[in-house]
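Single-letter residue listing:
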Amino acid sequence: MSDRDTVLGRVRRALADVPREERPEDVPATGGRPDGARAPDAAADLLARNLADYRALVHRVSPARLPVLVAGLLAARGARTLLVPEGLPERWPAAAAAAGVRLCPDDPRATPVELDAVDSVLTGCAVAVAETGTVVLDGGPGQGRRRITLVPDHHICVVRVPGQVVDSVPSALERLDPTRPLTWISGPSATSDIELDRVEGVHGPRTLEVVLLEG
């Protein structure tokens, strides 16, 4: 018997008592705490710690200070161009634009080479998972197409706290539409070769900065 046959046999035995008419949505998801089990402040703290563990740079700021923070993050990198998706609040990049950063709209005709020439991208998100330190984008307003968060080398992602923070992956899935283009981000892009040498920026941005917008 092959390894494949062994694995499939175990699957069949595990499903032997499942009624044929039962659908996945008939059984509630388990794992992790139910959403809301943590206080909002505790969930935000856990999200920040787990994001930092994945080498994301985490910032916490009030809405009034967000434009200044974004401008400062771009200035620290010497960024002169910022990609902004449709639906992004105009206030977020306003201070950066006033400081001379050129705002580039998300143009569907832009080639990967043109996107690679952009210094930074600023987006919102759909939801963030505290237990896994994961930010999820679904292409909604203020998030843009998947490619704009994979090609530029620097991604600033804003998470509204507490409204967009959930405790667990099952809670996140309840908020997401599986037919949308979902991008799950846990830290900057990274991979390791056979000798476990870590290389960042291979499959996406080399630097991920997550801004927790509190209040």
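None of these values were measured; they are calculated from a predicted model.

Undergrad: Could you clarify how one ought to interpret the overall build of the protein in this entry?
TA: Looking only at helices and strands, the protein has six helices and twelve strands in total. By the burial criterion, 40% of the 215 residues in the protein qualify as buried. Accessible surface computed for the protein: about 12100 Å², of which carbon and sulfur atoms make up 54%.

Undergrad: Mind showing me how you'd approach helix α1 (residues 3–14) here?
TA: Since the α-helix turns once every 3.6 residues, residues separated by three or four places project in the same direction. Between its first and last C-alpha, α1 extends 17 Å over twelve residues, near the 16 Å set by a 1.5 Å rise per residue. With one of twelve residues buried, α1 is to be regarded as a mostly surface element.

Undergrad: Please clarify how the nonpolar core should be interpreted in this entry.
TA: One recurring pattern in soluble globular proteins: nonpolar side chains tend to sit buried together. Counting residues in hydrophobic clusters, the biggest one holds 20 residues, and the most contacted among them are L47, V135, V159, V165, V210 and L212. Mapped by element, the contributors of at least two residues to this core are α2 (40–53), β6 (134–137), β7 (154–161) and β12 (207–214). With six residues, α2 is the largest single contributor of residues to this core. When near neighbours in sequence (up to four residues on either side) are disregarded, V210 contacts L51, L57, V58, H59, V135, C157 and V159.

Undergrad: Looking at this structure, I do not really get the sheet that holds strand β1 (residues 57–61). What am I missing?
TA: Hydrogen bonds between backbone atoms are what pair the strands of a sheet, whose relative direction is either parallel or antiparallel. Pairing is parallel across the open sheet formed by six strands, whose spatial order is β1-β12-β7-β4-β2-β3. Because the sheet does not close on itself, it has two edges, and the strands there are β1 and β3 (102–105). Each neighbouring strand pair of the sheet contributes to a mean axis angle of 25 degrees, computed without reference to strand direction. Note: strand β2 (residues 81–84) against strand β4 (residues 120–123), two bridges, orientation parallel. The partner of L83 across the bridge, within β4, is V121.

Undergrad: Please clarify how helix α3 (residues 66–77) should be interpreted in this entry.
TA: Here α3 is twelve residues long and its end C-alpha atoms lie 17 Å apart, about the 16 Å a rise of 1.5 Å per residue gives. Turning to α3, its buried residues number three or more, namely L66, P67, V70, A71, L73 and L74. Projection of α3 onto a plane perpendicular to its axis shows the buried side chains occupying an angular sector of 160 degrees, all on one side. Facing away from the buried side of α3 by over 90 degrees, the exposed positions are A75 and A76. Looking at the residues trailing α3, positive phi occurs at G78, about 70 degrees.

Undergrad: Help me understand the sheet that holds strand β5 (residues 127–129), please; the structure alone is not making it clear to me.
TA: Spatially, the four strands line up as an open sheet ordered β8-β5-β6-β9, and their pairing is mixed. The open sheet has two free edges, formed respectively by β8 (165–166) and β9 (183–185), since each of these has just one partner strand. Sheet topology places β5 next to β6; three bridges connect them, and they run antiparallel. For A128, the partnering residue across the bridge sits in β6 and is V135.

Undergrad: Any chance you could explain the side chain of D167 here in plain terms?
TA: Its location among the elements puts D167 in the loop between β8 and α6 (169–175). Within the local environment of D167, its side chain forms a polar contact with the backbone nitrogen of R38, the two atoms lying 3.3 Å apart.

Undergrad: Help me out: how do you make sense of the environment of A37 in this one?
TA: For A37, the position within the fold is in the loop between α1 and α2. In this structure the C-alpha to C-alpha distance between A37 and S168, which are 131 residues apart in sequence, comes to 9.9 Å.

Undergrad: Could you clarify how one ought to interpret the pattern of salt bridges in this entry?
TA: One side chain can pair with another of opposite charge once the charged atoms of both are near each other. Tallied over the entire structure, the rule returns eight salt bridges. One salt bridge in this structure joins R38 and D167, with 3.7 Å as the shortest N-O distance. Of the two residues, R38 sits in the loop between α1 and α2 while D167 sits in the loop between β8 and α6, which places them 129 residues apart along the sequence. With relative accessibility at 18%, the residue R38 sits in the buried group. Judged by relative accessible area, which is 1%, D167 ranks as buried. Residues R145 and D106 are paired through a salt bridge, measuring 2.6 Å at the closest nitrogen-oxygen approach. Of this pair, R145 sits in the loop between β6 and β7 while D106 sits in the loop between β3 and α5 (112–116); the two residues are 39 residues apart in sequence, bridging distant segments of the chain.

What counts, and where the lines are drawn
Residues numbered from 1 in each chain as written. Predicted model: local features only at pLDDT ≥ 70, side-chain atom pairs only at ≥ 80, totals over all residues. Heavy atoms only, no water. Helix = DSSP H or I, 4+ residues; strand = E, 2+ residues; numbered from the N terminus. Buried < 20%, exposed > 50% of the residue type's maximum accessible area, 1.4 Å probe, protein only. Areas by Shrake-Rupley, 256 points an atom, 1.4 Å probe, with all protein chains shown as cover. Expected span 1.5 Å × (residues − 1). Core = buried A, V, L, I, M, F, W, Y, C linked by side-chain atoms within 4.5 Å. Contact = heavy atoms within 4.5 Å. Pairing = 2+ DSSP bridges. Axes fitted to C-alpha atoms, helices over the stretch in contact; angles between N-to-C directions. Arc of directions from axis to C-beta. Polar contact = N/O pair within 3.5 Å; in protein donor to acceptor, adjacent residues only side chain to side chain. Salt bridge = Lys/Arg side-chain N within 4 Å of Asp/Glu carboxyl O.

Function cannot be inferred from these measures alone, as they are strictly geometric.
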